[in-house]
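Here is how the chains run, residue by residue.
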Amino acid sequence: MDPSLPCFILLTLLGSVVSSFDNRHHNGTRHYGYCVLGAGPSGLQMGYFLSKARRDYIILERNSGPGSFFNKYPRHRKLISINKIHTGRGNREFNLRHDWNSLLSDKPELLFKRVSSEFYPPADAFPLYLSMFVKELGLKVQYGVDIGRIRAVQSATGRSYILTDQHTSDYTCSVLLVATGLWVPQKVEFVGSDLVEGYESISTNPEDYKHQAVLILGKGNSAFETAQSILGSASRVHMLSSSPVRLAWQTHYVGDLRAVNNELLDTYQLKSLDGLVEARLEKIVIKEKKRQLYLTLKKYVHSREEKNSSDVTGEELPGHHIDNFPTRKPYDRVIRCLGFRFNFSIFDSSACPPNSENAKGRLPGVTAWYEGKDTPGLFVLGTAAHSRDYRSSAGGFVHGFRYTARAVHRVLEHRYHSNEWPSTRLLTTQLQSWILKRVGEASGPYQMFEALGDVVLLRGSHCEYLEEFPIQALPQFSSLSGHEVSSHGLIVVVMQYGKKKIDYLGRSRAETDWTKAWQSNFLHPVLYYYDTLPTEEEMKLRPPGWPLPRPKAVHHMVEDFLTEWDGPISHIQPLRRFLEHCVQTDLRAFYAESCFRSSLTHRKPPLYCQQGYLKQQGVPHNSRLRQHVHDAGLAPAERNAATSGADPAFPNYLAPAGASVSSGLKLDL
């Protein structure tokens, strides 16, 4: 044996050890470019993008596997996220519109349907899918790391974040991506709140509720999920919250009550002992007497002490004052089902994002590009970032935040690595077809309606098409994307619902007339044209209910029952006319024969012929040839086909087709 071989093996082993700890500082602190906190779906989604870009990152997870939240929740073990496998289409992008559980990757087979084929899957399937996602993509996840403190430090090289775990080990990173989700139970303090059981700890065995009267605090999906599981066992189930039930199929917000959980609405409306009541939780009082719980109101209680008393008097009960008070009878159990909140406790003052202004402050406040307000370099992902589109889009759910995570990654790539937001360069004559393709199949703007939109940068004869930009960040578009807006302006393509309150099951629920497209009620594409980027002030002062400020021109594509938007008259022709108004040129497509004739009879052939048929060549500019054509009677009166008559917004050639100039356009705003 070569005597040098043992030394070579030893050096190789030492090299392996050193390389495996190349992120460890001499004092035990680990340094990374990116720390992702949490191995739930949003953390793993970001991990995929960082891994694909070959960035220095680590995903830290306190539990022993990914998606640990779903090992316990929902308590009754059925997800309400749609898993529609059979769409009749082979288009993967289109199918993601109806797959609410899969994460994004470059592996077409890495989908949730591999672990479940049920339309509403079992909760246990989700951690299994996430484990498969980690393994097959080789993501860097470190389990058993329970971060208890996060602080920010400033140095000569910039701001960084230090994360300390349960063993006092530190992890330092330049960028912190918080993907911890919401898992701290939301509670409301009132007299007697300590007598209430929590959703997180109740029994899920219906037998334990036999012949019991149950009061549930809350009217969200966790509350109705709990009620539905005990309807057949409990003697009566009442539900109490400060606001009436909001039905998802009416509000178009998937966080509101879903039909899969709403059986109690039947038993309430058909008068089968169950019911819904409204009262502010801060104003209720729960008293215990002879192992039964009485609900009353603060104004009827003599003592204001924050303690429970078994000697409740008759005068303290609401039935004494109002003999038909809805909740005058006692309950055997009161259950709190008020959802969850973000865990702010692990952040010290130097790194803690503020509470959101909406969602009762349960979420961290973030910018339009999901960076914590006052915490540069700290980004919030997933459900915890839902304050940007709370109660208006799907950013709090997997089928929404898988796209916002991609948007955040694109922001990071530009800010820290000088990579522009990905774009597609198109000839202007290709723009209409590209928009039709996107509105017909793209899943990002479809799921994140009114939150993510496609941005078209007009450049004259060509344009740049950027996908899924956070539209509330348009004032910062150039600094976030690396692209500049030219004097030709830009178009933003957004999916929107109508804002008018209607009977969503009534006869007039849908608009089918393309000339009234702006009155569409269901999800439909809307195009906004601006000659310059909207300002921050304009964004703040935008009309109520509008996702964007008032543009130079706006176009609604009439809602489509099949959500395909491919009708030649109802969808394509009005879209082309709007685009022609924006780019001030003829965007019709022509056969080769027409292009040839146009090149003989027009000083400037249509753009389609210039960019396609002629390819900047064609008939030479020769005065004798033009005179010969004119003398032979082959040319009509001279005109410019690149313009469209007296009104450039509405070309004259549409008149023979019977086109109405009103259509879905609202140009004069």
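An account of the accompanying structure is given in this report. (Residues numbered from 1 in each chain as written. Predicted model: local features only at pLDDT ≥ 70, side-chain atom pairs only at ≥ 80, totals over all residues. Heavy atoms only, no water.)

1. What to know about the layout of surface pockets
How we decide: Points on a 1 Å grid, built from protein atoms alone, make a cavity when a 1.4 Å probe fits but cannot get out and make a pocket when they are open with protein on both sides within 12 Å along at least 5 of 7 lines; residues with an atom within 4 Å of a point are the lining residues. Grid points are joined across faces, edges and corners, and a volume is the space filled by probe spheres set on the points.
The calculated volume of the second largest pocket comes to roughly 1100 Å³. Around the second largest pocket sit 34 residues that line it, and His-252, Tyr-446, Tyr-497, Phe-522 and Thr-563 are the ones nearest its centre.

2. Description of the state of the cysteines
In a disulfide, the sulfur atoms of two cysteines are held together by a covalent bond. The criterion, for reference: A pair of sulfur atoms, both from cysteines and within 2.5 Å, is called a disulfide here. Put simply, DSSP marks the helices as runs of H or I at least four residues long and the strands as runs of E at least two long, and each gets a number from the N terminus on. Only protein chains enter the accessibility calculation, which uses a 1.4 Å probe; a residue is then buried when its area is under 20% of its type maximum, exposed when over 50%, and partly exposed in between.
What the rule picks out here adds up to one disulfide. For Cys-595, the disulfide goes to Cys-609, at an S-S distance of 2.1 Å. For the disulfide bridge between Cys-595 and Cys-609, the dihedral angle about the S-S bond is near -80°, and by the sign convention the bridge is left-handed. Of this pair, Cys-595 sits in helix 15 (residues 592-601) while Cys-609 sits in helix 16 (residues 607-614), placing them 14 residues apart in sequence. Both residues of the pair, Cys-595 and Cys-609, count as buried.

3. A word on the environment of Glu-136
Put simply, the test is: Contacts between residues were defined by any pair of non-hydrogen atoms, one from each residue, lying within 4.5 Å. Nitrogen and oxygen atoms within 3.5 Å of one another constitute a polar contact, given that in protein one can donate a hydrogen and the other can accept it, and given that sequence-neighbouring residues count only through two side-chain atoms.
Within the secondary structure layout, Glu-136 lies in helix 4 (residues 125-137). Each C-alpha atom of the pair Glu-136 and Leu-110 lies 8.3 Å from the other, and the pair is 26 residues apart in sequence. With near-sequence residues (within four places) excluded, Glu-136 lies in contact with Lys-107, Leu-110 and Arg-114. A polar atom in the side chain of Glu-136 sits 2.6 Å from the side chain of Arg-114.

4. What about the pairing of strand 5 (residues 158-164)?
Condition: By the convention used here, strands pair only if DSSP detects at least 2 bridges between them.
Counting buried residues in strand 5 gives five out of seven residues, a clear majority hidden from the surface. The hairpin turn running from strand 4 (residues 149-155) into strand 5, its antiparallel successor, is two residues long. Looking at chain direction, strand 5 and strand 6 (residues 170-178) are connected through four bridges and run antiparallel. Looking across to strand 6, one finds that Thr-164 is bridged to Asp-170. Linking two consecutive strands that pair antiparallel, namely strand 5 and strand 6, is a turn of five residues; a positive phi of about 60° is found at Thr-168 within it.

5. Concerning the nonpolar core
What counts here: In this text, buried Ala, Val, Leu, Ile, Met, Phe, Trp, Tyr and Cys residues form a nonpolar core when linked through side-chain atoms within 4.5 Å.
Membership of the largest hydrophobic core comes to 116 residues, with the highest contact counts inside it found for Leu-44, Ile-150, Leu-163, Leu-176 and Leu-177. Contact partners of Ile-150, with chain neighbours within four places excluded, come to Leu-37, Tyr-161, Ile-162, Leu-163, Leu-176, Ile-346, Phe-347, Asp-348 and Ala-351. Of all hydrophobic cores here, the second largest spans 28 residues; its members include Leu-436, Tyr-465, Ile-491 and Leu-579.

6. Observations concerning the sheet that holds strand 10 (residues 236-241)
For clarity, the threshold we go by: All axes are obtained by fitting lines to C-alpha atoms, using only the stretch in contact for helices, and the reported angles, taken between N-to-C directions, cover 0 to 180 degrees.
Within the open sheet, the five strands sit side by side as 8-14-9-10-11. Their pairing is parallel. The sheet is open, and its two borders are formed by strand 8 (197-198) and strand 11 (275-278), each paired with just one other strand. In this sheet, strand 14 (residues 333-336) lies alongside strand 8 in parallel orientation, the contact comprising two bridges. Within strand 14, the residue paired with Gly-198 across the bridge is Arg-336. Its contacts with the sheet put helix 5 (residues 221-230) on strand 9 (213-217), strand 10, strand 11 and strand 14, and the angle it makes with strand 10 is roughly 170°.

7. Observations concerning the environment of Ser-461
Considering the arrangement of structural elements, one finds Ser-461 in the loop between strand 18 (452-458) and strand 19 (462-470). Its relative accessible area of 40% is what places Ser-461 among the partly exposed residues. Note: C-alpha distance between Ser-461 and Val-583 (122 residues apart in sequence) is 8.9 Å. With sequence-adjacent residues up to four places away left out, Ser-461 is seen in contact with Leu-427, Thr-428 and Gln-611.

8. Observations regarding the side chain of Ser-356
Relative to the helices and strands, Ser-356 resides in the loop between strand 15 (340-341) and strand 16 (378-380). Within the local environment of Ser-356, its side chain forms a polar contact with the backbone oxygen of Asn-358, the two atoms lying 2.7 Å apart.

9. Quick notes on the pattern of salt bridges
As a reminder, the rule being used: When a carboxyl oxygen of Asp or Glu lies within 4 Å of a side-chain nitrogen of Lys or Arg, that pair is called a salt bridge.
Evaluated as defined, the whole model comprises 24 salt bridges. For the salt bridge of Glu-207 with Lys-210, the shortest nitrogen-to-oxygen distance reads 3.1 Å. Taking the relative accessible area as the measure of exposure, Lys-210 reaches 47% and is therefore partly exposed. Close ionic contact of Glu-371 with Arg-415 constitutes a salt bridge, the shortest N to O distance being 2.8 Å.

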